[in-house]
Amino acid sequence: GGSYEEGMDFVAKVVKLLVVNIGADDPAISDPPILSQGTSDILRFLSFVTPYFNPSNTGAWTFTLGAFLHYFCYELARRVSTSCSLAVMKTTNTALATALCQAEPCMNSMSITPHELAALLDSLLPLCQQALYSKNGYVGRAGEAAIAYLAQIDPIHVTPPFLDLVTNALDVSAVNLSHQAPSALSALARLVQTALRRKPSILLRR
C-alpha cells in the first residue's frame, strides 16, 4: 500500500544522503590516513545496527534494515562506478569531462579514497553475510543483492570469501547447514558471474 511505498522511499532517500556524505569534510592528507566525518558517522551507524542483522532476528526493524542494506550497497556501487567512468572520461575526452563537471559540480567530489572505501567494505560485508541467511526471506534476498553490488566494486577481495562461505553451506558434510543451501545457491549464481568476468582464477583455485 501507500505506507509501504512511502517507507521504502524514505529509506532510499536517507541512503542517498548518507552516500553523498561519504568523504564529506575530508581531512588533510595524513599518515596514517584519517577517516572523514561523513564516513565516520556512517561506520558508527553500521556498528550500532549490526546486532539487528542476526539471522535469527525477525523483529519489527528487520525488514527495514534489509532494505537499507540493499539500497546502501547499490548507491555505493553507483557512486564508485560514476567516479570510475568520470576518471576514464578525463583521459579519453577531457573537454566533455570538463563540461560535465561544470554542469554538475558534485561530480568533482564523486571519488572515494581507497582507505575510506576499504573501511566501508569491512563494515558492510559482515552485515551482508548475516543478512544472506536471515529467517526473513526479503532480508535474505536483500543481502544477496548487496553482496552482488559490493562484488562489482572490488571483486578481487569481496568474491573469494563469499564463495568460500556459500560453498561451505553446500558441502555434503554440512548437514547442520542444510537450511542455508537455497540462499547459498542463489548467491553463488551471482558471484560466479562476477568472478568469471573479472578474474576466472578466483574460481579455479577452489
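Residues numbered from 1 in each chain as written. Predicted model: local features only at pLDDT ≥ 70, side-chain atom pairs only at ≥ 80, totals over all residues. Heavy atoms only, no water.

### Digging into helix 2 (residues 37-49)
Here is step 1: Over its 13 residues, helix 2 runs 19 Å from end to end, which matches the ideal 18 Å to within 8%, given 1.5 Å per residue.
Here is step 2: Gly38, Thr39, Ser40, Ile42, Leu43, Leu46 and Val49 are the residues of helix 2 that are buried. (Helix = DSSP H or I, 4+ residues; strand = E, 2+ residues; numbered from the N terminus. Expected span 1.5 Å × (residues − 1). Buried < 20%, exposed > 50% of the residue type's maximum accessible area, 1.4 Å probe, protein only.)

### Examining the layout of surface pockets
Here is step 1: Its boundaries defined by the atoms lining it, the second largest pocket holds a volume of some 240 Å³.
Here is step 2: Along its surface, the second largest pocket is lined by Phe10, Val11, Val14, Leu18, Phe45, Phe48, Val49, Tyr52, Trp61, Thr64, Leu65 and Phe68.
Here is step 3: Contributing elements (two or more residues each) for the lining of the second largest pocket: helix 1 (2-20), helix 2 and helix 3 (62-92).
Here is step 4: With 4 residues, helix 1 is the largest single contributor of residues to the lining of the second largest pocket.
Here is step 5: Classifying every residue of the lining of the second largest pocket gives 11 nonpolar, 1 polar and no charged. (1 Å grid on protein atoms, 1.4 Å probe; cavity = no way out; pocket = protein on both sides within 12 Å on 5 of 7 lines; lining within 4 Å. Points joined across faces, edges and corners; volume = space filled by probe spheres on them. Nonpolar A, V, L, I, M, F, W, Y, C, P; charged D, E, K, R; others polar.)

### Looking at empty space enclosed by the protein
Here is step 1: Across all of its chains, the model carries 1 cavity of 30 Å³ or more by this definition.
Here is step 2: Computed from the structure, the largest cavity encloses a volume of approximately 30 Å³.
Here is step 3: Around the largest cavity sit Tyr52, Phe53, Asn54, Asn57, Thr62, Leu65, Gly66, Ala131, Ser134 and Val139, which together line it.
Here is step 4: Element by element, the count of residues in the lining of the largest cavity is highest for helix 3, at 3 residues.
Here is step 5: A class-by-class count of the residues in the lining of the largest cavity yields 5 nonpolar, 5 polar and no charged.

### Focus: the nonpolar core
Here is step 1: Counting residues in hydrophobic clusters, the biggest one holds 48 residues, and the most contacted among them are Leu69, Phe72, Leu76 and Leu150.
Here is step 2: Of all the secondary structure elements, the ones that give two or more residues to this core are helix 1, helix 2, helix 3, helix 5 (114-132), helix 6 (137-153), helix 7 (155-170) and helix 8 (181-198).
Here is step 3: The leading source of residues in this core is helix 5, at 10 residues.
Here is step 4: Counting 5 residues, the second-largest nonpolar core is a separate cluster that includes Leu86, Ala97, Cys101 and Met110. (Core = buried A, V, L, I, M, F, W, Y, C linked by side-chain atoms within 4.5 Å.)

### Considering the confidence of the model for the protein
Here is step 1: Here the protein averages 84 in pLDDT, and 88% of its residues register 70 or above.
Here is step 2: When mean pLDDT is taken per element in the protein, helix 3 scores highest with 93 and helix 9 (residues 201-204) scores lowest with 69. (pLDDT = per-residue confidence, 0-100.)

### A look at the state of the cysteines
Here is step 1: Under the definition given, this model contains 0 disulfides.
Here is step 2: As a non-bridged cysteine, Cys101 has Cys106 as the owner of its nearest cysteine sulfur, 8.9 Å distant.
Here is step 3: Judged by relative accessible area, which is 45%, Cys106 ranks as partly exposed. (Disulfide = S-S within 2.5 Å.)

### A short note on the environment of Ser47
Here is step 1: Along the chain, Ser47 turns up in helix 2.
Here is step 2: The exposure class assigned to Ser47 is exposed, which follows from its relative accessible area of 53%.
Here is step 3: Sequence separation between Ser47 and Ser123 is 76 residues, and the spatial gap between their C-alpha atoms is 7.5 Å.

### What to know about helix 5
Here is step 1: Helix length check: helix 5 (19 residues) gives 26 Å between terminal C-alpha atoms against 27 Å at 1.5 Å per residue, within 8%.
Here is step 2: Those residues of helix 5 not exposed but buried are Glu116, Leu117, Ala119, Leu120, Leu121, Leu124, Leu125, Leu127, Cys128, Ala131 and Leu132.

### Regarding the pattern of salt bridges
Here is step 1: Following the criterion strictly, the structure yields 5 salt bridges and no others.
Here is step 2: Its salt-bridge partner being Arg44, residue Asp41 comes within 2.8 Å of it at the nearest N-O pair. Linking Asp41 with Arg44, this pair stays in helix 2, spanning 3 residues, or about one helical turn.
Here is step 3: In this structure Asp41 comes out as partly exposed when scored by relative accessible area, which is 36%.
Here is step 4: A salt bridge links Arg78 to Glu75; its shortest N-O distance comes to 3.7 Å. Residue Arg78 and its partner Glu75 are both found in helix 3; the two are separated by 3 residues, about one turn of the helix.
Here is step 5: Judged by relative accessible area, Arg78 falls into the partly exposed class, the value being 44%.
Here is step 6: According to the relative accessible area criterion, Glu75 is buried, its value standing at 11%.
Here is step 7: Here the residues in one salt-bridge network are Lys16, Glu75 and Arg78, joined through shared partners. (Salt bridge = Lys/Arg side-chain N within 4 Å of Asp/Glu carboxyl O.)

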